[in-house]
Amino acid sequence: MTKDILGDGLQMGDSWATIRIRGSKTDQYNIGCVRTVHATGGPLCPVAALRALLKRFPNRVRGGTECHKPLFR
């Protein structure tokens, strides 16, 4: 099973983004985790970067034709 972040594991609000990480090598019970990041308004804002990615590739998010594939590819 791949441990990539999938498009359907992403939720976005106006000033936040939540990503579900399905598991990792150091996740003993392989249950994954959920992480939320908030907009910073600066040049390295993670929410703005995700918005730019999704503007360019809208099919990668939930409901899109590629939501079951890795988000970052």
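Residues numbered from 1 in each chain as written. Predicted model: local features only at pLDDT ≥ 70, side-chain atom pairs only at ≥ 80, totals over all residues. Heavy atoms only, no water.

Student: Just to check I follow, could you spell out the overall build of the protein chain for this structure?
Tutor: When its secondary structure is counted, the protein chain shows one helix and three strands. Starting at the N terminus and walking to the C terminus, you meet the elements of the protein chain as β-β-β-α. Across its three principal directions, the C-alpha atoms of the protein chain cover 35 × 25 × 20 Å. Across the 73 residues of the protein chain, 27% fall into the buried class. (Helix = DSSP H or I, 4+ residues; strand = E, 2+ residues; numbered from the N terminus. Buried < 20%, exposed > 50% of the residue type's maximum accessible area, 1.4 Å probe, protein only.)

Student: Hey, could you run me through the nonpolar core in this one?
Tutor: In globular proteins that are soluble, nonpolar side chains generally tend to be buried together. Ranked by size, the top nonpolar core spans nine residues in total: Leu10, Ala17, Ile19, Cys45, Val47, Leu50, Leu53, Leu54 and Leu71. Counting only elements with at least two residues in this core, the list comes to β2 (16-21) and α1 (46-56). Broken down by element, the residue count for this core peaks at four residues, all from α1. Aside from chain neighbours lying at most four places away, what touches Leu53 is Arg60, Leu71 and Phe72. (Core = buried A, V, L, I, M, F, W, Y, C linked by side-chain atoms within 4.5 Å. Contact = heavy atoms within 4.5 Å.)

Student: Sorry if this is basic, but what is going on with the pattern of salt bridges here?
Tutor: In a structure, side chains of opposite charge can pair up when their charged atoms sit close to one another. If you walk through the whole model with that rule in mind, you get one salt bridge. Two residues, Glu66 and Arg73, come together in a salt bridge whose shortest N-O distance is 2.3 Å. With a relative accessible area of 25%, Glu66 lands in the partly exposed category. (Salt bridge = Lys/Arg side-chain N within 4 Å of Asp/Glu carboxyl O.)

Student: How should the packing of aromatic side chains be read in this particular structure?
Tutor: Here the distance between the centres and the angle between the planes together describe a pair of aromatic rings. For the structure on display, the rule yields zero aromatic pairs. Over the aromatic face of Phe57 sits the side chain of Arg60, whose NZ or CZ is 3.9 Å from the ring centroid. (Phe/Tyr/Trp six-rings, centres within 6.5 Å; stacked < 30°, edge-to-face > 60°. Lys NZ or Arg CZ within 6 Å of the ring centre and 35° of its normal.)

Student: Any chance you could explain the pairing of β2 here in plain terms?
Tutor: Sheet faces and side chains relate simply in a regular strand, where the side chains alternate between the two faces. As defined by bridge partners, strand β1 (residues 10-12) adjoins β2 across three bridges and the pair is classed as antiparallel. Bridge pairing in β2 links Met12 to Ala17. Two successive antiparallel strands, β1 and β2, enclose a turn made up of three residues. Across six bridges, β2 lies against strand β3 (residues 33-38) in antiparallel orientation. Residue pairing in the sheet places Trp16 in a bridge with His38 of β3. (Pairing = 2+ DSSP bridges.)

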